[in-house]
Amino acid sequence: MSVGLLAVVDDILSAALKASSKAAGVVIDDAAVTPQYVQGITPARELPVVAKIALGSIANKFIVIIPVALLLTAFAPWALPYLLIAGGAFLCFEGAEKVLEWFGIEHGHADEDARDEKRLVLGAIRTDLILSAEIMLISLSNLDPDMGIWLTLGTLAVIALIMTGVVYGVVALLVKIDDVGLRMATSGNARVRGTGSGIVRAMPAVFRVISVIGTVAMLWVGGHLVLANLAEVGLHAPLDVLHGIEHVLEPLGTVVVWFGDTLASAIAGLAVGLVIVGVVLLIGRIMGRRPSFTEGGESPAHVHG
């Protein structure tokens, strides 16, 4: 019995590692996007907020994504592309409004001073839902279809736990590393003190870079979701253009192809997002309202810790 159980566990772990490796790019995106929601809040609340978002991510995966993905795969596989298009469009929308803020274009009334913790946690969990769905669906598509329902469930559960631990472990490290630097800066050792001061000075720039990477990641993943799944529902032209770009870049090597694919997907995502922003603003004007697109106050790109 114990040998059989160990064999099952080994099968699940092997399948989980193999399937989840295909989603590594989206995992990196998730880790880059999330710190934007934490930056600018009170230092004492940073880890509790990360913990709340991580718990929300677990709920997203176990309560929503895994059951819905398995049900749709079994009974309505035709609906999956439409859901992914909607999710990709939402990421494009969020990314586009942040790009507009970089250029000083405000769309709504930001809260003054502190950011509202409840709103930013809900916003982060909502964005995580899209990214987690992409991670889990990529992983599901790379599992052996003959595994059986229980092995599939076990493997997806392991993937969900591993991915959540990796992403939010990295996020927690990023948001608290400046505190580590401050503590090092008070050390009696001159070298440690100098390293700590350097960490503290570097963190504002690090978070600005993370903000840019996170925004580009949302546009890239969102744009690629829209392009790929439009092809799944019969509109092949946008994805054909992307494949054409990849084909042209192939002689320059895999890395250049990847950058070209990423850039093209991000540009497409920005275009889609700007259209959605325009539609939302138009509807708001017709209804006599001015929508606010920020979560919990200022955009993280504008918050200085």
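Keep in mind the model is a prediction, meaning the values are calculated, not measured.

1. Some thoughts on the packing of helix 6 (residues 117–141) against helix 7 (residues 149–185)
So, point 1. Direction vectors running N to C along helix 6 and helix 7 enclose 135°, while the axes themselves pass 11 Å from each other. Between helix 6 and helix 7, the crossing angle belongs to the class labelled oblique. By crossing handedness, the relation of helix 6 to helix 7 is classed as right-handed. Of the residues in helix 7, those touching helix 6 at Asp128, Ile135, Met136, Ser139 and Leu140 are Thr152, Leu156, Ile159, Ala160, Met163 and Tyr168.
So, point 2. Class assignment for the residues of the contact of helix 6 with helix 7 results in 8 nonpolar, 2 polar and 1 charged.

2. Considerations on the nonpolar core
So, point 1. Ranked by internal contacts, the top residues of the largest apolar core, which has 27 residues, are Ile66, Leu91, Met136, Leu140, Leu156 and Leu225.
So, point 2. Those elements that place two or more of their residues in this core are helix 4 (43–75), helix 5 (80–102), helix 6, helix 7 and helix 8 (190–232).
So, point 3. Looking at this core element by element, the count peaks at 7 residues for helix 6.
So, point 4. Ignoring sequence-local partners within four residues, the contact set of Ile66 consists of Lys61, Met136, Leu153, Leu156, Ala157 and Ala160.

3. Concerning the packing of helix 4 against helix 6
So, point 1. Interhelical geometry of helix 4 versus helix 6 gives an angle of 40° and a closest axis separation of 7 Å. Looking at the two axes, helix 4 sits oblique to helix 6. Classified by chirality, the crossing of helix 6 by helix 4 is right-handed.
So, point 2. Each residue belonging to the contact of helix 4 with helix 6 can be placed in one class, and the counts come to 16 nonpolar, 5 polar and 5 charged.

4. Brief notes about the packing of aromatic side chains
So, point 1. Inspection of every chain in the model, using the stated rule, returns 2 aromatic pairs.
So, point 2. Ring centres of Trp220 and Trp258 lie 5.4 Å apart, and the angle between their planes is 85°; this geometry places the pair in the edge-to-face category. Within this pair, whereas Trp220 is found in helix 8, its partner Trp258 is found in helix 10 (residues 254–286), the two being separated by 38 residues in sequence.
So, point 3. By relative accessible area, which is 15% here, Trp220 ends up buried.

5. A few points about helix 8
So, point 1. Over its 43 residues, helix 8 runs 60 Å from end to end, which matches the ideal 63 Å to within 8%, given 1.5 Å per residue.
So, point 2. The largest bend in helix 8 amounts to roughly 40° and is located at Met203, with the proline Pro204 lying one to four residues further along.
So, point 3. Residue Asn189 occupies the N-cap position of helix 8, its side-chain oxygen lying 2.8 Å from the main-chain nitrogen of Arg191.

6. Digging into helix 9 (residues 237–249)
So, point 1. With 13 residues, helix 9 extends 19 Å between its outermost C-alpha atoms, agreeing within 8% with the 18 Å of an ideal straight helix rising 1.5 Å per residue.
So, point 2. If you check which residues of helix 9 are buried, you get Leu239, Leu242 and Leu249. One side of helix 9 holds all its buried residues, which, seen down the axis, span an arc of 85°. Helix 9 presents Val241, His247 and Val248 as exposed residues on the side facing more than 90 degrees away from its buried surface.
So, point 3. The inward-facing, buried residues of helix 9 contact helix 8 and helix 10.

7. Here's the deal with a nonpolar patch on the surface
So, point 1. A cluster of nonpolar residues, Phe62, Ile63, Val64, Val68, Leu83 and Leu161, forms a patch on the protein surface that exposes about 530 Å² of accessible area.
So, point 2. By residue number, the principal contributor to the nonpolar patch is helix 4, which donates 4 residues.
So, point 3. Along the chain, Phe62 falls in helix 4.

Rules of the game
Residues numbered from 1 in each chain as written. Predicted model: local features only at pLDDT ≥ 70, side-chain atom pairs only at ≥ 80, totals over all residues. Heavy atoms only, no water. Axes fitted to C-alpha atoms, helices over the stretch in contact; angles between N-to-C directions. Helix = DSSP H or I, 4+ residues; strand = E, 2+ residues; numbered from the N terminus. Parallel < 35°, antiparallel > 145°, perpendicular 65-115°, else oblique. Left-handed = near helix turned anticlockwise from the far one by under 90°. Contact = heavy atoms within 4.5 Å. Nonpolar A, V, L, I, M, F, W, Y, C, P; charged D, E, K, R; others polar. Core = buried A, V, L, I, M, F, W, Y, C linked by side-chain atoms within 4.5 Å. Buried < 20%, exposed > 50% of the residue type's maximum accessible area, 1.4 Å probe, protein only. Phe/Tyr/Trp six-rings, centres within 6.5 Å; stacked < 30°, edge-to-face > 60°. Expected span 1.5 Å × (residues − 1). Bend = angle between axes of the 7 residues up to and from the residue. Polar contact = N/O pair within 3.5 Å; in protein donor to acceptor, adjacent residues only side chain to side chain. Arc of directions from axis to C-beta. Patch = residues over 30% accessible without salt bridge, like charges linked within 9 Å, V, L, I, M, F, W, Y side chains within 5 Å. Areas by Shrake-Rupley, 256 points an atom, 1.4 Å probe, with all protein chains shown as cover. Salt bridge = Lys/Arg side-chain N within 4 Å of Asp/Glu carboxyl O.

Note that every value here comes from positions in space, so none of it alone points to a role or purpose.
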